[in-house]
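Secondary and tertiary structure notes
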Amino acid sequence: MTQDQLKKATAEAALQYILPHLTKDMVIGVGTGSTARFFIDALAPYKNEFDGCVSSSEASTEQLKGHGIPVYDLNAIADLRFYIDGADESNKHLHLIKGGGAALTREKIVAAVAREFICIADESKAVNVLGSFPLPVEVIPMARSHVGRELVKLGGDPAYREGVVTDNGNLILDVWNLQILDPVALEQQINSIVGVVANGLFASRPADVLLLGTEDGVKTYTAL
């Protein structure tokens with residue numbers, strides 16, 4: 001199977017996971033990226049079975065609206081049953097690296113509100129130790145150099161993602177060469193750097209369920 005076929009299979013599995021729970025007044029959180037795009041397409045035929053969505057990016061909002069699915073401001077939502085999104089890496093504890101699509105801050109906010117975070121990914125994203133994928137860090141523009149110097153002190157090699165501005169108007173530093181043995185501690189340490197908006201470690205709030213697309217079918221994991 002191709003990587004896109006694996007992603008599509010996990011998106012379909014996520015749909016089947018939530019279908020029994022859909023109600024007319026339910027609002028669903030939807031993430032950003034290639035796997036999330038497959039999920040939005042799979043969700044569209046059932047748009048009359050739920051109320052609408054909260055989106056983590058302008059791109060996903062546009063896709064949802066293109067399918068005729070209402071998109072709500074998170075501030076107007078009291079309860080979010082599910083959040084479905086992809087990941088760039090996941091370990092066995094369902095700690096994630098996210099942010100390859102530069103939407104990490106909004107993704108982190110929606111994940112914090114959701115009662116259940118379902119991560120959908122292909123098997124290439126499963127790792128023993130996080131850090132082969134560069135860790136994205138969203139920074140206030142004027143703090144870019146300061147944050148970069150602080151990240152070097154943590155053992156990383158930050159690179160400015162040129163030409164990218166987040167939906168929040170900020171910049172992305174991608175931090176290479178990190179071997180992330182304690183994701184929770186590092187997430188908090190990076191967030192404490194002045195000028196950091198958020199970083200792509202989803203460890204303090206990991207996924208609840210990982211649906212992993214493999215050559216042997218979609219496998220379901222919960223945190224160890």
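In what follows, the accompanying structure is described. Keep in mind it's a predicted model, so treat the numbers as computed, not measured.

1. A word on the side chain of Asn170
- Structurally, the position occupied by Asn170 is in the loop between β8 (157-160) and β9 (171-176).
- In this structure Asn170 comes out as buried when scored by relative accessible area, which is 8%.
- A polar contact is formed between the side chain of Asn170 and the side chain of Glu138, at a distance of 2.9 Å.

2. Some points on unusual backbone geometry
- Here the phi dihedral of Leu94 falls at roughly 65 degrees; this positive angle occurs in a residue that is not glycine.
- In this structure, Leu94 sits in the loop between β4 (89-90) and β5 (96-97).
- Although it is not a glycine, Ala102 sits at a positive phi angle of roughly 70 degrees.
- Given the relative accessible area of 10%, Ala102 is considered buried.

3. A few points about the pairing of strand β12 (residues 209-214)
- Most of β12 sits inside the fold, with six of its six residues counted as buried.
- The side-chain alternation of β12 yields two buried faces, one formed by Val209, Leu211 and Gly213 and the other by Leu210, Leu212 and Thr214.
- In terms of strand pairing, strand β6 (residues 116-122) meets β12 through five bridges, oriented parallel. Note that in β12 the partner of Asp122 across the bridge is Gly213.
- Relative to strand β13 (residues 217-222), β12 is paired through six bridges, and the arrangement is antiparallel. In the sheet register, Leu211 faces β13, and the bridge partner there is Thr220.

4. As for the sheet that holds strand β1 (residues 27-30)
- Read across the sheet, six strands follow the order β2-β1-β3-β6-β12-β13 without closing on themselves; strand pairing throughout is mixed. Every interior strand has two partners, whereas the edge strands, β2 (52-55) and β13, have only one. Averaged over all adjacent pairs, the angle separating strand axes in this sheet is 25 degrees, with direction ignored.
- Across the face of the sheet, helix α1 (residues 3-18) comes into contact with β1, β3 (82-85), β6, β12 and β13 while running at roughly 155 degrees to β6.

5. Overview of the nonpolar core
- With 23 residues, the main nonpolar core has Ile18, Ile28, Phe39 and Ile84 as its most contacted residues.
- Taken together, the elements giving at least two residues each to this core come down to α1, β1, α2 (34-43), β3, β6 and β12.
- Ignoring sequence-local partners within four residues, the contact set of Phe39 consists of Ala11, Ala14, Leu15, Ile18, Val30, Ile84 and Ile120.
- Within the second largest apolar cluster, 19 residues are counted, among which are Ala111, Phe117, Cys119 and Leu212.

6. Some words on the packing of α2 against helix α3 (residues 58-66)
- Look at α2 against α3: their axes get within 10 Å of each other, and the N-to-C directions meet at 20 degrees. As summarised for this structure, α2 and α3 are arranged roughly parallel, according to the angle between their axes. Between α2 and α3 lies a crossing of right-handed hand. Facing α2, whose interface residues are Arg37, Ile40 and Asp41, α3 presents Ser60, Gln63 and Leu64.
- Considered class by class, the residues forming the contact of α2 with α3 number two nonpolar, two polar and two charged.

What counts and what doesn't
- Throughout, residues of each chain are indexed from 1 in the direction in which the sequence is written.
- Reporting in this predicted model follows two pLDDT cut-offs: at least 70 for local features of residues, and 80 or more for side-chain atom pairs to be given and counted; totals over whole chains, interfaces and linings ignore these cut-offs and use all residues.
- Side-chain measures were taken over the full set of non-hydrogen atoms in the model, leaving aside hydrogen atoms and water.
- Segments assigned H or I by DSSP are reported as helices when at least four residues long, segments assigned E as strands when at least two residues long, and all are numbered from the N terminus.
- A simple rule labels every residue: compare its accessible area, found with a 1.4 Å probe on the protein chains alone, to the largest value its type can have, and call it buried under 20%, exposed over 50%, or partly exposed in between.
- A 3.5 Å cut-off defines polar contacts: any pair of N or O atoms within that distance qualifies, except that in protein one atom must be a possible hydrogen donor and the other a possible acceptor, and neighbouring residues in sequence count only when both atoms are side-chain atoms.
- Only strands that DSSP links by at least two bridges are regarded as paired with each other.
- Simply put, an axis is a line fit to the C-alpha atoms, just over the touching stretch for a helix, and the angle between two N-to-C directions goes from 0 to 180 degrees.
- Between two residues, a contact is recorded if the distance between any of their heavy atoms is within 4.5 Å.
- Residues enter a nonpolar core if they are buried and are Ala, Val, Leu, Ile, Met, Phe, Trp, Tyr or Cys, with the set joined through side-chain atoms within 4.5 Å.
- By definition in this entry, angles of less than 35 degrees are roughly parallel, angles greater than 145 are roughly antiparallel, angles of 65 to 115 are roughly perpendicular, and the rest are oblique.
- Crossings are assigned a handedness: left-handed for a near helix turned anticlockwise from the far helix by less than a right angle, right-handed for a clockwise turn.
- Under the convention adopted here, Pro, Cys and the residues Ala, Val, Leu, Ile, Met, Phe, Trp and Tyr are nonpolar, Asp, Glu, Lys and Arg are charged, and Gly plus all remaining residues are polar.

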